[in-house]
Each structure stands twice: as structure tokens, then as C-alpha cells.
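The primary structure of each chain is shown beneath.
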Amino acid sequence: MFSYKFGGTSMGSAENITQVADILTRNTEVKSVVVSAMSGITDLLISAGAHAKAGKMEDVQKILDTIKEKHFFALQNLINDAERQALTRGFIETQIQKLYEFLEAIAIIQEISPRSHDQIVALGEILSAYLLSAHLQDRGFQSEFVNLEDIVPSGIKVVNRKFFEKVQEALKNRIEPLLLEGKIPVITGFFGRIPGGIVGAVGRGYSDFTASLVGSACNAEEIQIWTDVNGILSADPRLVSDAISLEILSFEEASELANFGAKVIHPQTIWPAVQHNIPVRIKNTMNPENPGTAITANGKKTNRPFKSVTAKKSITVLTMHSFEMAGHGFMDKIFKIFSDYEISIDLISTSEASVSVTVNGNNPSLEKVIQELSPFCRVEEERKKAILAVIGTEMTGVPGIAGRIFTALGNANINLKMISQGATELNISAVIDEENVKIALEAIHKELL
Ligand code: ADP
Ligand code: ASP
Ligand code: MG
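Keep in mind the model is a prediction, meaning the values are calculated, not measured. (Residues numbered from 1 in each chain as written. Chains lettered and ligands numbered in written order. Predicted model: local features only at pLDDT ≥ 70, side-chain atom pairs only at ≥ 80, totals over all residues. Heavy atoms only, no water.)

Student: So what's going on with the overall build of the chain? Residues and values would help.
Tutor: Along its length, the chain carries 14 helices and 14 strands. The C-alpha radius of gyration computed for the chain amounts to 23 Å, which stays within 12% of the reference 22 Å derived for 449 residues, consistent with globular compactness. Its C-alpha atoms give the chain principal-axis dimensions of roughly 75 × 55 × 40 Å. Burial statistics for the chain: of 449 residues in total, 51% are counted as buried. If you take every contact in the chain between residues at least 6 apart in sequence, the share linking residues at least 24 apart comes to 77%. If you sum the accessible surface of the chain, you get close to 20,000 Å²; carbon and sulfur atoms cover 49% of it. (Helix = DSSP H or I, 4+ residues; strand = E, 2+ residues; numbered from the N terminus. Rg over C-alpha atoms; globule rule 2.2 N^0.38 Å. Buried < 20%, exposed > 50% of the residue type's maximum accessible area, 1.4 Å probe, protein only. Contact = heavy atoms within 4.5 Å. Areas by Shrake-Rupley, 256 points an atom, 1.4 Å probe, with all protein chains shown as cover.)

Student: An account of the nonpolar core is needed here, citing residue identities and associated values.
Tutor: Considering soluble globular proteins, one finds that nonpolar side chains tend to be buried as a cluster. In terms of nonpolar packing, the biggest core is built from 107 residues, with F6, L103, L132, F191 and I295 touching the most fellow members. Here this core takes 12 residues from helix 5 (residues 114-138), the largest share from any one element. Not counting residues within four places of it along the chain, the set of residues in contact with L132 comprises M11, I17, V20, A21, L24, V33, V35 and V186. The next biggest cluster of nonpolar side chains, apart from the first, holds 23 residues, and it includes V240, V390, I405 and L448. (Core = buried A, V, L, I, M, F, W, Y, C linked by side-chain atoms within 4.5 Å.)

Student: Any details on the sheet that holds strand 3 (residues 143-146)? Residues and values, ideally.
Tutor: In space, the eight strands of this open sheet follow the order 3-4-2-1-5-7-8-6, with mixed pairing throughout. Two strands bound the open sheet, and with one partner strand each, they are strand 3 and strand 6 (248-250). Within the sheet, the average angular offset between the axes of one strand and its neighbour, ignoring direction, is 20°. With five bridges connecting them, strand 5 (residues 222-227) and strand 7 (residues 280-284) associate as parallel partners. Looking across to strand 7, one finds that Q224 is bridged to R281. Against the sheet, helix 5 contacts strand 2 (31-35), strand 3 and strand 4 (184-188), and its axis sits at roughly 165° relative to strand 4. Its contacts with the sheet place helix 6 (residues 161-180) against strand 2, strand 3 and strand 4, and it is angled at close to 170° to strand 3. (Pairing = 2+ DSSP bridges. Axes fitted to C-alpha atoms, helices over the stretch in contact; angles between N-to-C directions.)

Student: Describe the packing of aromatic side chains, and please don't skip the residues or the numbers.
Tutor: According to the stated counting rule, one finds 14 aromatic pairs in the structure shown. An angle of 80° between the planes, with centres 4.9 Å apart, marks the rings of F164 and F209 as edge-to-face. Of the two residues, F164 sits in helix 6 while F209 sits in helix 8 (residues 207-217), which places them 45 residues apart along the sequence. The same class applies to F164 and to F209, which are both buried. (Phe/Tyr/Trp six-rings, centres within 6.5 Å; stacked < 30°, edge-to-face > 60°.)

Student: Let's hear about the site of ligand 1: which residues, and what values?
Tutor: In the vicinity of ligand 1 lie 17 residues, with T227, D228, L233, R238 and K263 positioned nearest. Interatomic distance of 3.1 Å between a side-chain N/O atom of K5 and an oxygen atom of ligand 1. One of the backbone nitrogen or oxygen atoms of V264 is found 3.5 Å away from an oxygen atom of ligand 1. The fraction of the free accessible surface of ligand 1 (570 Å²) that becomes covered by protein chains is 91%. In terms of residue class, the shell around ligand 1 is made up of seven nonpolar, five polar and five charged. (Near = heavy atom within 4 Å. Polar contact = N/O pair within 3.5 Å; in protein donor to acceptor, adjacent residues only side chain to side chain. Nonpolar A, V, L, I, M, F, W, Y, C, P; charged D, E, K, R; others polar.)

Student: Break down the site of ligand 2 for me, with residues and values.
Tutor: S36, A37, T42, E125, R204, G205, Y206 and S207 make up every residue found near ligand 2. Take G205: an N or O atom from its main chain is 2.8 Å from an oxygen atom of ligand 2. Here an oxygen atom of ligand 2 sits 3.4 Å away from a polar atom, N or O, in the main chain of Y206. Against a free-state accessible area of 260 Å², the protein chains account for coverage of 86% of ligand 2. A breakdown of the residues in the shell around ligand 2 according to their chemical character gives two nonpolar, four polar and two charged.

Student: Summarise the sheet that holds strand 11 (residues 354-360); cite the residues concerned and give the values.
Tutor: With antiparallel pairing, the six strands of this open sheet are ordered in space as 10-11-9-12-14-13. For this open sheet the edge positions go to strand 10 (345-350) and strand 13 (419-421), each flanked by a neighbour on one side alone. The average angle at which neighbouring strand axes cross in this sheet is 30°, direction not considered. Here strand 9 (residues 308-321) runs beside strand 12 (residues 378-391); their pairing, made up of 11 bridges, is antiparallel. Its bridge partner lying in strand 12, K312 is registered against I387. Helix-sheet contacts for helix 14 (residues 437-448) involve strand 9, strand 12 and strand 14 (427-433), and the interaxial angle to strand 9 is about 125°.

Student: A description of the environment of I106 should follow, citing residues and the corresponding values.
Tutor: Along the chain, I106 falls in helix 4 (residues 82-109). Separated by 10 residues in sequence, I106 and S116 place their C-alpha atoms 8.6 Å apart. Not counting chain neighbours up to four residues away, the residues in contact with I106 comprise A52, K53, E111, I112, S116 and I120.

Student: Can you lay out helix 6 for me, pointing to particular residues and giving the numbers?
Tutor: Compared with the 28 Å implied by 1.5 Å per residue over 20 residues, the 28 Å span of helix 6 between its first and last C-alpha is a close match. Of the positions making up helix 6, those classed as buried are F163, F164, V167, Q168, A170, L171, I175, L178 and L179. Where helix 6 is buried, its residues contact strand 2, strand 3, strand 4, helix 8 and helix 10 (270-275). Of the residues trailing helix 6, G182 is marked for its positive phi of about 80°. (Expected span 1.5 Å × (residues − 1).)

Student: How would you explain unusual backbone geometry if you had to name every residue and give the values?
Tutor: The phi angle of most residues is negative, glycine excepted, and most peptide bonds adopt the trans form. Even without a glycine there, the phi angle at K384 is positive, about 55°. Summarising the element assignment, K384 is placed in strand 12. Here the phi dihedral of N413 falls at roughly 65°; this positive angle occurs in a residue that is not glycine. When its relative accessible area of 72% is taken as the criterion, N413 is described as exposed.

Student: Tell me what's going on with the environment of T293, and back it up with residues and numbers.
Tutor: Structurally, the position occupied by T293 is in strand 8 (residues 293-296). A C-alpha to C-alpha distance of 20 Å links T293 and R26, two positions 267 residues apart in sequence. Apart from the residues lying within four places of it in its own chain, the contact partners of T293 are N230, G231, I232, L246, E247, I248, L249, V280, R281 and I282. Within the structure, T293 has its side chain in polar contact with the backbone nitrogen of I232 (distance 2.7 Å).

In C-alpha cells form, the structure reads like this:
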């Protein structure tokens with residue numbers, strides 16, 4: 001089987017959804033489909049939640065009306081059969097009404113738990129998946145809408161690999177029978193209420209991960225992520241206009257890219273694929289003939305010095321100064337504090353009397369961590385930084401590339417805060433001011449391409 005996933009832009013209008021259905025039905029291979037919400041809908045739902053919490057139900061009503069109109073408008077152009085159209089319209093109406101009542105309750109208690117937040121966000125994928133499934137049925141294909149809202153096994157408190165293995169098992173049990181019946185399951189990218197909430201624990205763009213979990217659970221031949229660009233490019237095309245498409249990447253390269261901010265795939269997409277050695281392909285819904293990018297175990301070297309350059313914003317650098325550094329046990333003490341608050345560290349650099357780390361600046365626990373560190377060391381905090389990362393196995397064992405990168409940044413007048421190169425030489429990264437990201441990406445891209 002093949003596990004397909006279509007993103008927000010791909011599902012963004014009736015025209016796009018028709019294109020999605022064309023792609024799905026042009027061959028007879030067994031397949032499942034995971035979808036994101038129609039573009040913009042998740043943002044609207046999150047803001048509806050915030051308005052409800054503030055007690056502004058009039059604003060909530062306006063947002064839900066906008067959401068309803070967008071889906072009704074698409075529905076008119078996607079479904080011809082009158083009965084099916086009425087059924088789909090009724091489904092959308094009921095789901096939105098249910099959410100309105102839920103948000104009314106939130107307006108009273110003025111609080112949103114991660115679980116409630118999940119319930120709000122879930123609606124986006126519930127509506128888009130239902131629409132696509134109804135459209136496929138309208139075109140005469142056997143399809144079933146699969147809502148994963150309740151798939152997560154109860155009683156598990158920690159979100160780790162073990163937890164996701166249980167989710168994979170549940171996915172397999174839910175989806176394989178449908179495949180055997182010859183149906184195309186259209187699955188919500190929202191895969192259930194998880195401890196800490198899906199946005200908190202997995203992060204935005206989670207549907208890529210869902211497709212990867214589905215693909216690995218059902219032992220897919222390939223996981224295909226369909227989006228709005230020709231695969232993975234040498235840089236974000238919104239920031240670097242002459243970025244080029246990459247034919248092939250290794251799991252490791254793709255994982256590094258995703259972890260260092262390339263939004264094209266969610267950072268968790270790769271590990272389930274690695275687990276079962278399933279290739280991942282990134283394709284363009286708007287240009288299906290383009291081969292896109294294949295992500296495989298081994299990848300392939302290009303004749304360029306790198307594959308892609310990316311940047312991750314909203315980074316805070318914490319520098320901890322202490323003369324105790326040289327003694328043993330100091331590092332243990334400070335890293336335990338980060339781990340207690342589940343704050344992950346991207347880069348570390350040390351000197352004789354200080355250690356600097358980069359962390360996600362939006363993490364709400366950061367202030368607490370700084371407080372707890374204070375008895376052991378003097379903590380300096382620098383906000384609004386970004387990590388730049390140049391990625392590619394091409395850099396392994398080739399001297400001079402770091403020099404070219406840093407010279408290009410120097411010539412562009414960009415100050416470097418921290419520099420790091422992993423032992424595998426797959427990734428050279430540096431911390432810069434967030435405002436310089438675009439200039440830095442352009443400078444490196446120009447130098448290396
Ligand atoms: P979807 O809704 O399909 O999941 P996303 O907006 O999440 O789409 O991801 C696709 C976007 O990722 C592209 O439109 C592009 O702007 C951005 N992007 C960032 N870095 C890269 C990169 N290296 N290659 C391709 N796209 C990238
Ligand atoms: N719709 C969700 C989001 O906007 C999930 C996704 O797009 O993958 O984050
Ligand atoms: Mg995405």
C-alpha cells in the first residue's frame with residue numbers, strides 16, 4: 001500500500017481537492033490518504049479558542065461562520081449527488097454547532113486545557129477529510145472517512161516512542177480492514193488527544209507525522225507527502241528565490257533539515273519511516289508530473305558542496321557562567337534542570353568558564369529553568385536568535401566548506417554567536433540574529449550553489 005498525505009494548500013479549495021482526487025484515482029494501487037485542514041482553518045480554530053477563553057462569543061461566532069462558508073462553498077463544487085450533498089452539509093453544520101457549544105462552555109470557565117485545545121483544533125481535519133471522502137464517493141470510488149479523534153489508547157501518560165508504537169498498532173487495526181475491503185480510507189491528520197495536546201507535544205504541521213505513522217503501521221511501499229512546492233529545495237523558496245529542487249536525500253539529511261526549521265516536512269516524519277525502511281517522497285499537488293524529492297536510507301551525493309540551507313527562528317541562547325565548570329558534576333546538575341522541564345537543547349558550546357545552549361524561546365517553562373539555574377551559575381539570556389544550518393553529506397571530509405560559509409556571512413556583515421559542526425559533518429550550524437535570516441540564507445546559498 002501507499003500512504004498519501006495532502007497539506008493545507010492542496011486541500012485549500014474545491015479546485016485543489018478535485019486535483020487531489022485526480023491524483024488519488026489515476027492508478028489502482030492500494031492507498032490510504034491523510035489530510036490536513038483546508039489552508040487557514042487551523043489558525044482560525046486556534047483563534048476561536050482564544051476568543052472563547054476571553055469570553056468573546058461574538059467573535060467566535062464570526063470565525064465559525066467563516067469556516068462554515070468556506071466548506072459549504074467547496075462542497076457545492078465537489079458533490080453532485082443531491083442526497084450526498086445534503087448529508088455532507090448536515091455533517092459540517094452539526095460539527096460546527098458542536099464546537100460552538102463546546103466553546104460556549106470554555107467562555108464560562110475561561111480556561112482551555114491541552115485536551116480541550118485538541119478538541120478545537122481537530123475540527124479542521126475532520127471537515128476536510130469528510131469532504132474529500134464524500135467527493136471520492138461522488139466520483140464512484142469506494143472511500144471511507146476515518147476520524148482518528150479516539151484512536152489513542154487511554155491510560156498512557158508519557159509521549160514517547162512506546163506511546164507511538166501503541167498508536168501505530170491502533171492505526172493498523174483501524175485502517176487495514178478498510179484496505180482489504182478495497183476502500184480508500186481518508187484519514188484526519190489530527191490523530192487524537194494526546195498528553196500535552198497535539199499542538200504542544202507534536203507541534204503544528206502534525207499531519208505529515210500522521211501519514212508516516214499510518215504508512216509504517218501498514219507497512220507501506222512509500223509514504224508520499226503532497227504539498228505546494230516541487231519537493232524539498234536547496235532553501236525555502238519563499239526566502240531564496242533561486243532555490244532548486246533536490247532529487248534525493250537520505251533519512252538523516254531530511255531529519256536534520258526538518259529539525260532545523262525546513263517547514264516542508266514535520267520533524268517527526270522521518271523516524272517511523274526509518275523504523276521500517278520506507279522511502280518518503282515529497283511531491284507537488286499543483287505540479288504532479290514533477291518527480292519531487294525521494295528520501296531514502298542512503299540518499300545520494302550531488303556534485304554541489306551541500307544539499308540545503310535552512311533556519312530555525314525564535315531561538316533563545318542561554319549562557320551559564322560559573323568557575324565551577326571545570327569541576328565534575330556541574331554539567332550534570334544544569335542539564336538535569338533542562339531535562340526536568342522537558343526542554344530540548346539544539347546546540348551546545350563550551351569554554352573554560354561558561355556553557356551556552358540554544359533552546360526554543362517560546363517554551364513557557366524557560367523562566368522557571370532560569371530561576372532554578374541561578375543558584376549554580378550566572379545566566380545570561382539572549383532572545384530573538386535563529387539557528388542557521390547547512391546540510392548535506394557532501395560536506396563530510398571536504399575541507400574548506402565551513403570557511404566558505406563563514407566568509408560569506410562575514411561579507412554580508414552578519415555576526416555569528418555560536419558555531420557547531422556535528423561529528424558526522426552532515427550539518428554545519430551557526431546562531432545569528434533572527435532579523436538577518438533572509439540575508440544569511442541568500443548569502444550562503446549564493447556562495448555554495
Ligand atoms: P503543507 O500545508 O502542504 O503541509 P507547508 O506550508 O507545511 O505545506 O510546507 C510547505 C512549505 O514549506 C513550502 O511552501 C515552503 O515555503 C516551505 N519550505 C521551507 N523550507 C523548504 C525547503 N527546504 N524546501 C521546500 N519547501 C520549504
Ligand atoms: N492543519 C494542521 C496545522 O495547520 C496540521 C497540518 O497542517 O499538518 O498545523
Ligand atoms: Mg506542513
